[in-house]
Amino acid sequence: MRISIKRAFGCALGLAVVVTAAACGSESAGGSSGEGLTLWTHNAGNPQELAVVEQIAADWNAAHPDKKVTVRAFPQAAYNEAVVSAATAKKLPCILDTDAPTVPNWAYAGYLAPLEIPGDVLTKQLPSTVGKYQDKTYSVGYYEAALGLFARKSALTAAGARIPTLEKPWTAAEFDQVLAKVKAGGKFPITFDLGTGDTGTEWWTYGYSPFLQSFGGDLIDRTGYKSAAGVLNGDKALAWATWMQGLVKKGYSPQKSSADAFADFVNGKSAMVWSGIWNSGSLSKVDDGLVLPPPDFGNGPKIGGGSWQWAVSSSCPDKATAMEYLRTSLTAKTMAAFAEKQNVIPASEEAAALVPGWQPGGPKRFFLDESKELAVVRPPTPGYPYLTTTFAKATQDIVAGGDPKQVLDRAVADIDRDLKSNDYYGF
Amino acid sequence: MAVSTSPVRTVAPAKPTSGRARRRQHGQGRTGLLMVAPAGVLLVLFFVVPVALGFALSFTNARLISPKPLEFVGLDNFARLLDDPVFWTSLRNTLLFAAVIVPAQSGFALLLALLMNVKMRGTNLFRTLYFIPVVTSIVVVSILWRFMYQPDGLVNSVLHWMTGNVVRIDWLNDTSTALPAIMFMSVWQAVGFHMVIWLAGLQTIPAELYEAAEIDGAGRWHQFRYITWPGLRSTRTFILVTITIAALSLFTQIHVMTGGGPLDATSTVVFQAVRVGYQQQQTAYASAISLVFFLLVLAISLIQRRLTRERNA
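Residues numbered from 1 in each chain as written. Chains lettered and ligands numbered in written order. Predicted model: local features only at pLDDT ≥ 70, side-chain atom pairs only at ≥ 80, totals over all residues. Heavy atoms only, no water.

Points about the overall build of chain B
Inference 1: When helices and strands are tallied, chain B shows 14 helices and zero strands.
Inference 2: Ordered by position from N to C terminus, the α and β elements of chain B give α-α-α-α-α-α-α-α-α-α-α-α-α-α.
Inference 3: Among the 313 residues that make up chain B, the fraction classed as buried is 40%.
Inference 4: Considering only contacts in chain B between residues 6 or more positions apart, those separated by 24 or more positions represent 67%.
Inference 5: Per element, the accessible surface of chain B, about 18,100 Å² overall, is 68% carbon and sulfur. (Helix = DSSP H or I, 4+ residues; strand = E, 2+ residues; numbered from the N terminus. Buried < 20%, exposed > 50% of the residue type's maximum accessible area, 1.4 Å probe, protein only. Contact = heavy atoms within 4.5 Å. Areas by Shrake-Rupley, 256 points an atom, 1.4 Å probe, with all protein chains shown as cover.)

Next comes the structure, spelled out in structure tokens:
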């Protein structure tokens, strides 16, 4: 009896091991097996965008029944972790989307394969929708996003302010006057909401580093990507930090905005808000809502560049098909579909011509022109994850009242140590 | 596997007298081993291996994403730790949190338990009420309290109404109030759990002792001092150790409510380790922080054990 129990135990254990192993084995290794290719996307929480992605895959599958593409959607918050774990386990899908600033990091880590997409296809794209690292293209996007200064026209005219344009944005001094006069008007509890309620790291870098670049500073010295000294703690960066802190100290912007600063703007709590194209759909709820370019703090007005883009994994056994899939999907029609379904900028002029509102002179055109003229991509270096977390924390500390010089010197020391300990990430 | 075999050996009889018994013991040992195997394998796989890996990694330059091979860097990470102001602030915050939470939470829980322990109608209702926060997800509780602590949130509204003054405290964005605010909320959330444990301890004390004490003319305070308090000896140790460890590993509230801010006023050791290890991809440095944290918790637990043992003897 004892022996049989033991046998049963042993068998059960052995069986469990075998089953687990088999289950592991049957997971499509490398994202591709006989049936076709797997595609991962971050937009499980965004049904409109996912629908377009699925439509592209369905069109492809109808034309290529032997090389079908299977779409798997993840929630955005868990997406990067999923990719990193999959890469560690060598189970990356063939095609995946990536947030633009992470592309160099993943390319450096060997997750991504350089794209073989003809140059004439890429030159039609908005420059910031093509992800490059060390002269090779690793990713390409169907759309772009843009920042904007949303304002109430009545608040500006009451303050006697000029309405700025892309050709003639506000200067730093003009903007300072506008802020002072709107606040003095006393009609709005918040003069200019920076939108600091977002606890996620990336908004802090995407949203506020363009101000720093407009002052003439940057996250890292882009001539060699080997140091942040001077650009992140020089006089210009200090001027930026003092200005940011001043917005809070002078009572123009709350130290911590509410979770949805744009809703506050729509509800009349703020006269101006720093936000992005993703909120432009709600702008029509404000009778006299405007979207304006950011002020020029000396080095020209700047906005952030780079949104979600598509890449091919280096472990894909059938890279040629994956590239073909991306190449054939980069049509004006698909880009137009994205721009129609949600508030994004179509990635090429051809696509913009297809979507109502995006033609020259159209009501949405501002964002396309703004992106073309003002967008600065976040530093394309594999060290970006460290750069962005360090910069975001420094900005949070500055907004919370930390000494600008001390905070920025510390950030530079941290970034330079990280760069050095990584052999400057191959630069 | 050494871990899984040791309990089996201690259970087995010390000295088998005959060969048959030895064989039987041997058989028992193997069955025991098999029975322990599922738990043992999981424990080794998900506890022993990661802990050992963490220790080993803290002496290397491991990072989350890098094509570079792992390199042994000796004590570099620990040297960096000594020079890292965020680490010292985090350590100070963590110790301060524990120093306040341990007495406040256990004391308040005991008070509630004593109140709950009377035989009266409606105590079950109160027990449930105090226990509700414990069974609510800490993330949900943190989000709710974040709203309540907003400048125009519930907490400030109540303060206005009670005091009639116009003082506005931005609880979570002020370096002097952020950590106390999180302490208060943490006690509120976890006190029910320890109340139930105190209550269980209280109910093991025989009622005859109190009856006898009453006959002897002992008052409420003397009953507590000479019957209740000694009767709760083992409960006390358990509560002390569990609250201390929970307090030292403060993370979720920080992650959800403040992100370590403002100006690191609420950064804790565990929060810093997670931030550095995942967001900043510095696996090795995070391992070093975790190793120091482990040693800290170990040291504090050993001291606590020693202190409680001495008092017991």
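Back to the text.
Quick word on the packing of aromatic side chains
Inference 1: In total, this model carries 40 aromatic pairs over all chains according to the counting rule given.
Inference 2: Ring centres of A:Trp204 and A:Tyr208 lie 5.3 Å apart, and the angle between their planes is 75 degrees; on these two criteria the pair is classed as edge-to-face. Within this pair, A:Trp204 and its partner A:Tyr208 are both found in helix α8 (residues 201–215), separated by four residues, close to a single helical turn.
Inference 3: The class for A:Tyr208 is buried, based on a relative accessible area of 0%.
Inference 4: Linked through ring pairs, A:Trp170, A:Phe175, A:Phe192, A:Phe211, A:Phe215, A:Trp243, A:Trp274 and A:Phe297 together constitute an aromatic cluster.
Inference 5: Here the basic side chain of B:Arg80 rests over the ring of B:Tyr285, its NZ or CZ set 3.6 Å away from the ring centre.
Inference 6: A cation over a ring is seen here: B:Arg236 above B:Trp229, with NZ or CZ 4.1 Å from the ring centre. (Phe/Tyr/Trp six-rings, centres within 6.5 Å; stacked < 30°, edge-to-face > 60°. Lys NZ or Arg CZ within 6 Å of the ring centre and 35° of its normal.)

As for the nonpolar core
Inference 1: Membership of the largest hydrophobic core comes to 136 residues, with the highest contact counts inside it found for A:Tyr111, A:Phe192, A:Phe211, A:Trp240 and A:Met272.
Inference 2: Among residues more than four places away in sequence, those in contact with A:Phe192 are A:Leu149, A:Phe175, A:Leu179, A:Phe211, A:Leu247, A:Tyr252, A:Ser253, A:Met272, A:Val273 and A:Trp274.
Inference 3: Core analysis: the second largest hydrophobic core is formed by 56 residues, B:Leu91, B:Phe224, B:Ala247 and B:Leu248 among them. (Core = buried A, V, L, I, M, F, W, Y, C linked by side-chain atoms within 4.5 Å.)

Concerning the packing of α8(A) against helix α9 (residues 235–249) of chain A
Residue and element names in this part refer to chain A.
Inference 1: Their axes nearest at 8 Å, the elements α8 and α9 cross at an angle of 130 degrees. Of the possible angle classes, the one that applies to α8 and α9 is oblique. Between α8 and α9 lies a crossing of right-handed hand. From α8, Tyr-208, Phe-211, Leu-212 and Phe-215 reach across to α9, where they touch Lys-236, Ala-237, Ala-239, Trp-240, Trp-243 and Met-244.
Inference 2: Class assignment for the residues of the contact of α8 with α9 results in nine nonpolar, no polar and one charged. (Axes fitted to C-alpha atoms, helices over the stretch in contact; angles between N-to-C directions. Parallel < 35°, antiparallel > 145°, perpendicular 65-115°, else oblique. Left-handed = near helix turned anticlockwise from the far one by under 90°. Nonpolar A, V, L, I, M, F, W, Y, C, P; charged D, E, K, R; others polar.)

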